[in-house]
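# Structural characterization, general
Okay, here's what each chain looks like letter by letter:
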Amino acid sequence: MIKIELPKPDVVIYQREQVLKDGEVPITPFHGFIDFHKITRENGGFFLFYNKANEVLFVGKARKIRQRIKKHFEDNVSPMKKYRDEIYKIEVYEVEDPMEREIYETYAINTLRAKHNIDKVFYE
């Protein structure tokens with residue numbers, strides 16, 4: 001039997017309101033998230049979208065993570081287009097090897113039972 005464990009996330013960002021101190025310039029939120037700059041532009045990996053109840057909504061992977069996550073908020077063909085408002089937390093895992101990304105994504109979809117993934121689902 002193969003044993004797989006998800007690594008610790010490299011970045012976790014939450015949807016939140018920005019609290020400003022005197023003299024601070026506000027950061028324009030991106031769909032309620034103000035910490036997108038923490039997500040790598042260059043590296044590949046996989047990501048998990050969670051709701052406020054800490055349920056996994058969606059698991060995805062990409063060669064360039066930030067770009068792919070942003071597409072889920074902007075695209076009309078994203079499987080998350082109807083559920084964007086539910087996303088409260090995003091966990092990002094940097095994994096450069098494409099095969100490892102594929103394995104982690106499939107494992108996370110099935111063990112965490114992602115609500116809105118339809119591909120790679122092996123549970124009923």
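Report on the accompanying structure. (Residues numbered from 1 in each chain as written. Predicted model: local features only at pLDDT ≥ 70, side-chain atom pairs only at ≥ 80, totals over all residues. Heavy atoms only, no water.)

A separate point is the pairing of strand β3 (residues 56-62). The buried fraction of β3 amounts to six of the seven residues, a majority that puts the element mostly inside the structure. As judged from the six bridges shared by strand β2 (residues 45-50) and β3, these two strands associate in the antiparallel manner. When the bridges of β3 are listed, Tyr50 appears paired with Val56. The hairpin turn running from β2 into β3, its antiparallel successor, is five residues long, and Asn54 in that turn takes a positive phi close to 65°. (Buried < 20%, exposed > 50% of the residue type's maximum accessible area, 1.4 Å probe, protein only. Helix = DSSP H or I, 4+ residues; strand = E, 2+ residues; numbered from the N terminus. Pairing = 2+ DSSP bridges.)

What follows concerns the environment of Val95. By the secondary structure assignment, Val95 is in the loop between β4 (89-94) and α2 (98-111). On the accessibility criterion, Val95 (7% relative accessible area) is buried. Taking the C-alpha atoms as reference points, Val95 and Val11, separated by 84 residues in sequence, lie 12 Å from one another. Not counting the four nearest positions on each side in its chain, Val95 is found in contact with Gly44, Gly45, Phe46, Glu100, Arg101 and Tyr104. (Contact = heavy atoms within 4.5 Å.)

Moving on, we come to unusual backbone geometry. Located in the positive-phi region is Asn54, a residue other than glycine, with phi close to 65°. With respect to the helices, strands and loops of the structure, Asn54 is situated in the loop between β2 and β3. Since its relative accessible area comes to 46%, Asn54 is described here as partly exposed. Unlike most non-glycine residues, Lys120 shows phi in positive territory, near 65°. You can see Lys120 is positioned in the segment after α2.

Our focus in this paragraph is the environment of Ile4. Topologically, Ile4 is positioned in the segment before β1 (11-14). Judged by relative accessible area, Ile4 falls into the partly exposed class, the value being 24%. Residues Ile4 and Ser78, spaced 74 residues apart in sequence, show a C-alpha to C-alpha distance of 28 Å. Sequence-distant contacts of Ile4, that is, excluding residues within four places in its chain, are made with Ile103, Tyr104 and Tyr107.

Along β1, the buried face is formed by Val11 and Ile13; none of Val12 and Tyr14, which line the opposite face, is buried. Where β1 meets β4, four bridges bridge the pair, whose relative direction is antiparallel. Bridge pairing in β4 links Val12 to Glu91.

Turning next to the packing of aromatic side chains. Enumeration according to the criterion identifies 11 aromatic pairs in this entry. The interplanar angle of 75° and the centroid separation of 5.0 Å between the aromatic rings of Phe30 and Phe36 together place this pair among those described as edge-to-face. The buried category is assigned to Phe30, whose relative accessible area is 19%. Here Phe46 and Tyr93 contribute two aromatic rings whose centre-to-centre distance is 4.4 Å and whose plane-to-plane angle is 0°, an arrangement assigned as stacked. One end of the pair, Phe46, is in strand β2; the other, Tyr93, is in strand β4, with 47 residues separating them in the sequence. A single burial state applies to Phe46 and to Tyr93, both of which are buried. Of the aromatic side chains, those joined through ring pairs into one cluster are Phe30, Phe33, Phe36, Phe47, Phe49, Phe58 and Phe73. A cation over a ring is seen here: Lys70 above Phe30, with NZ or CZ 5.2 Å from the ring centre. (Phe/Tyr/Trp six-rings, centres within 6.5 Å; stacked < 30°, edge-to-face > 60°. Lys NZ or Arg CZ within 6 Å of the ring centre and 35° of its normal.)

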